[in-house]
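Each chain, written out:
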2 protein chains.
Amino acid sequence: MENKINAAAEFLKNNDDFYILIHQSPDGDAVGSSHALWHALRSMGKRARILCSDPIPDRFDFITKDYTDEEFEPKAIMTVDVAEKSLLGEKLSQYADRVDFCIDHHVSNKAYAKDTLLHADAAAACEVVFELFNAMEIPMTRAIATCLYTGIATDTGCFRFSNTTADTHIAAAVLVSYRINHAAINRRMFEIKSKERIALESYLATNIEYECDDKIAIVPITFGVQKKFNMKDEDFDGLSSIALQAESVEVGITIKQKTEDRYKISFRSSNNVDVSKICAVFGGGGHVKAGGCTLVGTYDEVREKLVSAAKEAL
Amino acid sequence: MENKINAAAEFLKNNDDFYILIHQSPDGDAVGSSHALWHALRSMGKRARILCSDPIPDRFDFITKDYTDEEFEPKAIMTVDVAEKSLLGEKLSQYADRVDFCIDHHVSNKAYAKDTLLHADAAAACEVVFELFNAMEIPMTRAIATCLYTGIATDTGCFRFSNTTADTHIAAAVLVSYRINHAAINRRMFEIKSKERIALESYLATNIEYECDDKIAIVPITFGVQKKFNMKDEDFDGLSSIALQAESVEVGITIKQKTEDRYKISFRSSNNVDVSKICAVFGGGGHVKAGGCTLVGTYDEVREKLVSAAKEAL
């Protein structure tokens, strides 16, 4: 780890004209870590560019407003928060086999880059970048602190999840001391919803189906539901936590219809059930507490398969 | 501040047979801080008893399970997290004028005790107690860390609110390093809901009324709504944040009917409006971001008064 921090520091110091690649469907950690690196490289007098296959969502405006894109050919290519090269997406696939350095925190990292700083105990890529900047004595600024705080807060559910460690809180202590507007960041990341989203979440919460003495909760997002709310496909993302709200629930299953007979499944566990094992049965994967898979069939067939697999796991 | 830490330390060291009084409707900070003090006093070989006018809610079982109540007459009476003596409630009113020492973090503390350790910058009474224990070199245990973490997490909305400082995160860093089950605590404090509560919140979110270009949101909890859900009076508490979910909302107003013509009002501000000023107009009070008052009239009269006061404040 120590050496890799040094390797990362040398990589940043000894190169110029960086491309910083992040994963498709960028989240707070991808956006925060890449923009923190961009600020740091600029302060070192270097050129850098952030690239993503998807547009960065508007809710990260408070981060992206400080960024200026300039066009140049890369002399050094790095990724941050990208566990495997397929996550770079279609538009960045041309760079997938040319990554010089990767900074990441996913235990599942596929070591696709020429060199990698992987800190699997870190709650977020931003926590790794925070350590790296400390080691390099990069002057902390309010802009960098805002980027890093956002990534750490979003990847930990605002310090709620079990990935939050003492080191995570120490990083947060330093970052909030730079007088960032953390309450506003958290409101934006965790509280604010569109009126349509409020209506959708309320509808889904009202229509949760329970099985097995309420230990299993199923949230159906069929074409019927999707038509009823008439929103974009991605507006139906991030709904998996709804299933776990009731105290009794140990396994939450969110079933999202993708085509007439294809369903994207998201599993969540509140307790001891390892949902990655259930997902593996259906060709999917994930972590102990969160996993996913895809099933083909009618809704009723799919639902029955999922419920009986969950029952068995309980 | 330093001296008062010493005064608090001396108070704990030089006395025995403590009554630790907390406020009615006890929350995570009241429960956590009192139980942390109880553990510490026990480790010092002293007797202590926690008293509250209301029963401590079941969701704090993971804290109260370690507590043993024993009956004795007090030789020293202290309060923790109690800003004014009226908050002790009916059952503890006999002690209200006999409080020897108060530990608190409310800027509004009325200095009703013979001596007070007040740290108004602390996010929670538990943060003050954490500092006190450090100064006293009280050995930290997992039980104490669990108590203190719970109070800090609940009073900051899990580190979301603006009262969270670098010191708050440093305390959390130390506390989670004692291998407490913070993810389980946070699930219990912030995620778990009864099925009835899920249905109620969904109903209220679906029926939010918007005024003034969606800058004002009104959540009505009339007798009609209360009858529809047939829950206990306190089950309709803690719903004020629902009004602020939509991005555009700057002032959230929750109107809870108490009698035929009396309404308890809860104001929330997401931005710059100081709702304590609006509440003061109606004889209530509070902070910049959260306040309350009581109004008499028909629902429509009350609603109109509130909306026009909010419009004026915008």
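Note that the coordinates shown come from a computational prediction; the quantities given were computed from them, not determined experimentally. (Residues numbered from 1 in each chain as written. Chains lettered and ligands numbered in written order. Predicted model: local features only at pLDDT ≥ 70, side-chain atom pairs only at ≥ 80, totals over all residues. Heavy atoms only, no water.)

## Points about the domain arrangement of chain A
Okay, so step 1: Taken domain by domain, chain A consists of domain 1 (2-190) and domain 2 (195-313).
Okay, so step 2: Of note, the centres of domain 1 of chain A and domain 2 of chain A, computed from C-alpha atoms alone, are 30 Å apart. (Domains from an automatic or database assignment.)

## Comments concerning the relation of the copies chain B and chain A
Okay, so step 1: When chain B is fitted to chain A, the residual RMSD is 0.1 Å, and the transformation amounts to a turn of 180 degrees plus an axial shift of 0.0 Å. The superposition of one copy onto the other is thereby described by a two-fold rotation axis. For chain B, the residue whose C-alpha comes nearest the rotation axis is B:Ser202, separated from it by 2.1 Å.
Okay, so step 2: Of the residues that chain B buries at the interface, 100% are likewise interface residues in chain A, meaning the two copies contact each other through the same surface. (Least-squares fit on C-alpha atoms with pLDDT ≥ 70 in both. Contact = heavy atoms within 4.5 Å.)

## Focus: a nonpolar patch on the surface
Okay, so step 1: Taken together, the side chains of A:Ile170, A:Val174 and A:Tyr178 define a hydrophobic patch exposed on the protein surface, amounting to about 220 Å² of accessible area.
Okay, so step 2: Secondary-structure assignment places A:Ile170 in helix α6 (residues 166-176). (Patch = residues over 30% accessible without salt bridge, like charges linked within 9 Å, V, L, I, M, F, W, Y side chains within 5 Å. Areas by Shrake-Rupley, 256 points an atom, 1.4 Å probe, with all protein chains shown as cover. Salt bridge = Lys/Arg side-chain N within 4 Å of Asp/Glu carboxyl O. Helix = DSSP H or I, 4+ residues; strand = E, 2+ residues; numbered from the N terminus.)

## Topic: the side chain of B:Asp155
Residues and elements named next belong to chain B.
Okay, so step 1: Tracing the backbone shows Asp-155 in helix α5 (residues 142-155).
Okay, so step 2: Within the buried set, Asp-155 has no salt-bridge partner at all; the shortest N-O distance to an opposite charge, 9.7 Å, is to Arg-59.
Okay, so step 3: If we ignore the near neighbours within four places in the chain, the residues touching Asp-155 are Asp-27, Asp-29, His-105, Ala-123, Ala-124, Phe-161 and Asn-163. (Buried < 20%, exposed > 50% of the residue type's maximum accessible area, 1.4 Å probe, protein only. Lys, Arg positive; Asp, Glu negative; His and termini not counted.)

## Remarks on the sheet that holds strand β6 (residues 209-211) of chain B
Residue and element names in this part refer to chain B.
Okay, so step 1: Taken in spatial order, the six strands line up as β6-β7-β8-β9-β11-β10 in an open sheet, and their pairing is mixed. The outermost strands of the open sheet, each flanked by one partner alone, are β6 and β10 (285-286).
Okay, so step 2: When strand β7 (residues 216-221) meets strand β8 (residues 251-259), the two strands line up parallel, connected through six bridges. The residue of β8 that forms the bridge with Pro-220 is Ile-255. (Pairing = 2+ DSSP bridges.)

## Observations concerning the pairing of β7(B)
Residues and elements named next belong to chain B.
Okay, so step 1: Taking burial as the measure, the six residues of β7 include six buried ones, the bulk of the element.
Okay, so step 2: Residue alternation in β7 divides its side chains into two sets, Ile-216, Ile-218 and Pro-220 and Ala-217, Val-219 and Ile-221, and both sets are buried.
Okay, so step 3: In this structure, the hairpin formed by β6 and β7 is closed by a connection of four residues, where Cys-212 is found at a positive phi of approximately 60 degrees.

## Structural notes on the sheet that holds strand β2 (residues 48-51) of chain A
Residues and elements named next belong to chain A.
Okay, so step 1: Strand order in the open sheet formed by five strands is β2-β1-β3-β4-β5, with parallel pairing between adjacent strands. The open sheet has two edge strands with one neighbour each: β2 and β5 (115-118). Recorded for the sheet is a direction-independent mean angle of 20 degrees between the axes of neighbouring strands.
Okay, so step 2: Both strand β3 (residues 76-80) and strand β4 (residues 101-104) contribute to a ladder of three bridges, which runs parallel. Bridge pairing in β4 links Val-80 to Ile-103.
Okay, so step 3: Across the sheet, helix α2 (residues 28-43) is in contact with β1 (18-21), β2, β3 and β4; its angle to β2 comes to roughly 170 degrees.
Okay, so step 4: Helix α4 (residues 125-136) contacts β3, β4 and β5 of the sheet and is inclined by roughly 115 degrees relative to β4. (Axes fitted to C-alpha atoms, helices over the stretch in contact; angles between N-to-C directions.)

## Remarks on the pattern of salt bridges
When the charged atoms of two side chains lie near each other, side chains of opposite charge can form a pair.
All names here are of chain A.
Okay, so step 1: Applying the stated rule across the entire model yields 32 salt bridges over all chains.
Okay, so step 2: Taking the shortest distance from any N to any O, the salt bridge between Asp-17 and Lys-75 comes out at 3.3 Å. Placement of the pair is Asp-17 in the loop between α1 (2-14) and β1 and Lys-75 in the loop between α3 (61-64) and β3, with a sequence separation of 58 residues.
Okay, so step 3: Judged by relative accessible area, which is 62%, Lys-75 ranks as exposed.

## Side note on the packing of α2(A) against α4(A)
Residue and element names in this part refer to chain A.
Okay, so step 1: Contact pair α2 / α4: the axes reach a minimum separation of 8 Å and the direction vectors enclose 20 degrees. In terms of their interaxial angle, α2 and α4 are classed as roughly parallel. Between α2 and α4 lies a crossing whose hand is left-handed. Together, Asp-29, Gly-32, Ser-33, Ala-36, Leu-37 and Ala-40 of α2 and Ala-125, Cys-126, Val-129 and Phe-133 of α4 make up the contact between the two elements.
Okay, so step 2: Partitioned by chemical class, the residues of the contact of α2 with α4 number seven nonpolar, two polar and one charged. (Parallel < 35°, antiparallel > 145°, perpendicular 65-115°, else oblique. Left-handed = near helix turned anticlockwise from the far one by under 90°. Nonpolar A, V, L, I, M, F, W, Y, C, P; charged D, E, K, R; others polar.)

## So, the nonpolar core
Okay, so step 1: Of all hydrophobic cores here, the largest spans 114 residues; its most connected members are A:Ile103, A:Phe133, A:Leu148, B:Ile103, B:Phe133 and B:Leu148.
Okay, so step 2: Discounting chain neighbours no more than four positions away, the residues touching B:Phe133 are B:Ala36, B:Leu37, B:Ala40, B:Ile138, B:Ile144 and B:Leu148.
Okay, so step 3: Listed in part, the 21 residues of the second largest apolar core include B:Ile253, B:Ile278, B:Cys293 and B:Leu306. (Core = buried A, V, L, I, M, F, W, Y, C linked by side-chain atoms within 4.5 Å.)

## Some thoughts on the side chain of B:Thr79
Okay, so step 1: Positionally, B:Thr79 belongs in strand β3 (residues 76-80).
Okay, so step 2: The contacts of B:Thr79, once residues within four sequence positions are left out, are B:Leu21, B:Leu88, B:Val99, B:Phe101, B:Cys102, B:Ile103 and B:Tyr112.

## What about the confidence of the model for chain A?
Okay, so step 1: Across chain A, the average pLDDT comes to 94, with 99% of residues at 70 or higher.
Okay, so step 2: The complex prediction reports pTM at 0.91, with the ipTM value standing at 0.90. (pLDDT = per-residue confidence, 0-100.)

## Considering the interface of chain B and chain A
Okay, so step 1: Taken residue by residue, the interface counts 37 residues in chain B and 37 residues in chain A.
Okay, so step 2: Both sides together, the interface formed by chain B and chain A hides about 3,200 Å², and carbon and sulfur atoms give 55% of it.
Okay, so step 3: Salt-bridge contacts for A:Lys195 lead to B:Asp214; the nearest nitrogen and oxygen are separated by 2.8 Å.
Okay, so step 4: Here chain B is connected to chain A by 18 residue pairs in polar contact (both at pLDDT 80 or more).
Okay, so step 5: Within the residue set of the side of chain B that touches chain A, elements represented by two or more residues are α6 (166-176), α7 (182-191) and α8 (195-206) of chain B.
Okay, so step 6: Take the side of chain B that touches chain A: its biggest share by element is seven residues, from α7(B).
Okay, so step 7: Residue composition of the side of chain B that touches chain A, grouped by class: 18 nonpolar, eleven polar and eight charged. (Buried area = accessible area lost by both parts, 1.4 Å probe. Polar contact = N/O pair within 3.5 Å; in protein donor to acceptor, adjacent residues only side chain to side chain.)

## Notes on the environment of B:Ala217
Residues and elements named next belong to chain B.
Okay, so step 1: Following the sequence through the fold, Ala-217 ends up in strand β7.
Okay, so step 2: Spatially, the C-alpha atoms of Ala-217 and Phe-267 are 10.0 Å apart, while their sequence positions differ by 50 residues.
Okay, so step 3: Not counting the four nearest positions on each side in its chain, Ala-217 is found in contact with Ile-208, Glu-209, Tyr-210, Ala-243, Val-249, Val-251, Gly-252 and Ile-253.

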